[in-house]
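# Residue-level structural notes
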Amino acid sequence: MSTFVYILVGALIFGVLIFVHELGHFLTAKACGVRVNEFALGMGPAILKKQKGETLYSLRCLPFGGFCAMEGEDEASDDPAALENKGFWAKLLIFAAGALMNFLAGIVIILCLYMGAKAFITPVIADFAEGCPLQETLQAGDEITAIDGERIYVFSDVNMLLGMGQDDRHDLTILRNGEEMELFGVLMPQQEYTDKNGSVYTGYGLNFAVKQATFGDRLRVSFANAADFVRIVRLSIKMLLTGQAGVKDVSGPVGIVTIITDVGQSSASTSAAARNIAYLAAMIAVNLAVMNLLPLPALDGGKIFFLLINALCMLVFRKKIPQKFENYVHIAGFVLLMLLMLAVTFHDVWKLFT
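Quick look at the structure, then. (Residues numbered from 1 in each chain as written. Predicted model: local features only at pLDDT ≥ 70, side-chain atom pairs only at ≥ 80, totals over all residues. Heavy atoms only, no water.)

## Let's talk about the side chain of R231
Threshold: Segments assigned H or I by DSSP are reported as helices when at least four residues long, segments assigned E as strands when at least two residues long, and all are numbered from the N terminus. Relative accessibility under 20% of the residue-type maximum defines a buried residue, over 50% an exposed one, and the middle range a partly exposed one, all with a 1.4 Å probe and only protein chains included. Under the rule applied, a polar contact is a pair of N or O atoms within 3.5 Å (in protein, one hydrogen donor and one hydrogen acceptor; residues adjacent in sequence only if both atoms are side-chain atoms). Note on definitions: a residue-residue contact is assigned when non-hydrogen atoms from the two residues lie within 4.5 Å.
Looking at where R231 falls in the secondary structure, it is placed in helix α4 (residues 215-242). The exposure class assigned to R231 is buried, which follows from its relative accessible area of 3%. Within the structure, the side chain of R231 is placed 2.8 Å from the backbone oxygen of R151, a separation counted as a polar contact. Those residues in contact with R231, other than ones at most four positions away along the chain, are E150, R151, Y153, D157, M160 and L161.

## Looking at helix α1 (residues 3-31)
Note that an α-helix has 3.6 residues per turn; residues three or four places apart therefore point the same way. We count it as follows: By this rule the span expected of a helix is its residue count minus one, scaled by 1.5 Å.
Between its first and last C-alpha atoms α1 spans 42 Å; for 29 residues at 1.5 Å apiece the expected length is 42 Å, and the two agree. Of the residues flanking the end of α1, it is G33, one or two places downstream, whose phi is positive at about 75 degrees.

## Quick word on the nonpolar core
One recurring pattern in soluble globular proteins is that nonpolar side chains are buried together. Filter applied, for reference: Here, nonpolar core refers to any group of buried Ala, Val, Leu, Ile, Met, Phe, Trp, Tyr and Cys residues whose side-chain atoms link them within 4.5 Å.
Counting 21 residues, the largest nonpolar core has L134, L138, I144, I147, L172, M188 and L206 as the members making the most contacts within it. Only β3 (119-128), β4 (143-147), α3 (157-164), β6 (169-176), β7 (179-187) and β10 (206-212) provide two or more residues apiece to this core. Contact partners of I144, with chain neighbours within four places excluded, come to P123, I125, I152, T173, I174, L206 and F208.

## A short note on the side chain of D157
Structurally, the position occupied by D157 is in helix α3. Under the relative-accessibility criterion, D157 is labelled buried at 0%. Here the side chain of D157 touches R231 through a polar contact of 2.9 Å, side chain to side chain. Those residues within four positions of D157 in sequence are excluded, and the remaining contacts are R151, I152, D228 and R231.

## Some thoughts on the pattern of salt bridges
For clarity, the cut-off: For salt bridges, the criterion is a side-chain nitrogen of Lys or Arg within 4 Å of an Asp or Glu carboxyl oxygen.
A full pass over the atoms with the stated rule returns 14 salt bridges. Two residues, E54 and K30, come together in a salt bridge whose shortest N-O distance is 3.2 Å. Highlighted residues: E54 in the loop between β1 (36-52) and β2 (55-70) and K30 in helix α1, separated in sequence by 24 residues. Notably, a salt bridge pairs D157 with R231, separated by 2.9 Å at the nearest N-O pair. On the criterion of sequence distance, the pair formed by D157 in helix α3 and R231 in helix α4 is long-range, its members being 74 residues apart. Several salt bridges converge on common partners, so that one network encompasses E150, D157, D228, R231 and R234.

## Describing unusual backbone geometry
Phi at A298 takes a positive value of approximately 80 degrees, unusual for a residue other than glycine. One non-glycine residue, R318, adopts positive backbone phi at about 60 degrees. Relative to the helices and strands, R318 resides in the loop between α7 (300-316) and α8 (323-353). Here R318 falls in the exposed class, since its relative accessible area comes to 66%.

## So, the packing of aromatic side chains
Selection rule: Each Phe, Tyr or Trp ring (for Trp, its six-membered ring) is paired with any other whose centre lies within 6.5 Å, and the angle between the two planes then decides the class: stacked below 30 degrees, edge-to-face above 60, tilted in between.
Here the structure, examined in full by the defined rule, presents 10 aromatic pairs. Ring geometry for F88 and W89: centres 5.1 Å apart, planes at 85 degrees, overall edge-to-face. Since its relative accessible area comes to 27%, F88 is described here as partly exposed. Summarising the aromatic geometry, the rings of F305 and F306 are spaced 6.1 Å apart at their centres and angled 80 degrees between planes, so their arrangement reads as edge-to-face. Take F305: its relative accessible area is 41%, and that puts it in the partly exposed class. Ring pairing ties together the aromatic residues F19, F26, F39 and Y57, which thus form one cluster.

## Examining the packing of α1 against helix α2 (residues 88-114)
What counts, and what does not: Fitting a line to C-alpha atoms yields each axis, with helices limited to the stretch in contact; the angle taken between N-to-C directions then spans 0 to 180 degrees. If an angle is under 35 degrees, it is roughly parallel; if it is over 145, roughly antiparallel; if it lies from 65 to 115, roughly perpendicular; otherwise it is oblique. Should the near helix be turned counterclockwise from the far one by less than a right angle, the crossing is left-handed, whereas a clockwise turn marks it as right-handed. Polar here means any residue outside two lists: the nonpolar Ala, Val, Leu, Ile, Met, Phe, Trp, Tyr, Cys and Pro, and the charged Asp, Glu, Lys and Arg; Gly therefore counts as polar.
Where α1 meets α2, the closest approach of the two axes is 7 Å, and the angle between their N-to-C directions is 140 degrees. Taken together, the axes of α1 and α2 lie oblique to each other. In terms of crossing hand, the pair formed by α1 and α2 is right-handed. Side by side, α1 and α2 meet where L17, V20, H21, L23, G24, H25, T28 and A29 of the first sit next to L93, I94, F95, A97, G98, A99, M101, N102 and A105 of the second. Taken together, the residues that form the contact of α1 with α2 break down as 11 nonpolar, six polar and no charged.

## With respect to helix α6 (residues 270-292)
Taking 1.5 Å per residue as the helical rise, α6 with its 23 residues ought to reach 33 Å, and the 32 Å between its terminal C-alpha atoms agrees with that figure. Of all the residues in α6, the buried ones are A272, A273, I277, L280, A281, A282, I284, A285, V286, A289 and N292. Packing partners of the buried residues in α6 comprise α1, α2, α4, α5 (253-266) and α7.

What follows is the structure, encoded as structure tokens:
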């Protein structure tokens, strides 16, 4: 497929995930009796508008973004159906609903991809390649449950976590004969081995067991994969905070569409491209869910943070933080977020040309 098609696919993925996110806010607001003034998909000038009941539904010209404008969300309102006049739990559910919908969307995509899976590779050691030195420490039947303190959610975590180590020594947690064991400082160098077909490869010399997949396995692996995506976000943020990665390593919409294009064009077939891009879409959905819940101004996590702070202030001081002050913080956060997005987008475009 052409690059233009993959750009359209990328825009469609963002559009659907944003729609799902805003739909979560919308449905929860309606269920909690909050008046929704406008439900919009996209940003900028409106292309289509339709008033239905108390809500204006609109489609806007820019495919990125969207919003669910609720009465009393940004200013005081005497309307009993205003968000500001609802209780703590209703507000918490409404603010968290968008991220929850994105997370569920990610799980649904993964589950759809795994529905046809006949078997899964497990982190259980089946046997060893000839000459593998790990035979002195590990045994066939050992299940690796954690590496360097990080849990193994899915089999692909084994190589990912081993690759993240600073050297060839790793702390392993294994399950052997039903008992958990801790192995510290296990030397696990990569070297050349010959597989059963006579092909030479570079790896750790471990061969892992394959388990026939049941519906329960597909469901469990789907949830485990989503949890793994959450962990990847946490590790990425940790790398940014510790200086192991910089802003130049962050990708915005342009960079993500470029990745989608690369994934599609490097796939062996159209069906493989569709599966790989769908898997990437699931990762993006979970990423959006986690990032949106960070306690940063202008994000849903920032609103939840202020909700918790206000609840604490009411308990201690019998007063809430003034709505005007909270709005100023969110506006400042939104401006900074847009500036960051512009910088990231500029860098993504720069990478395209260089």
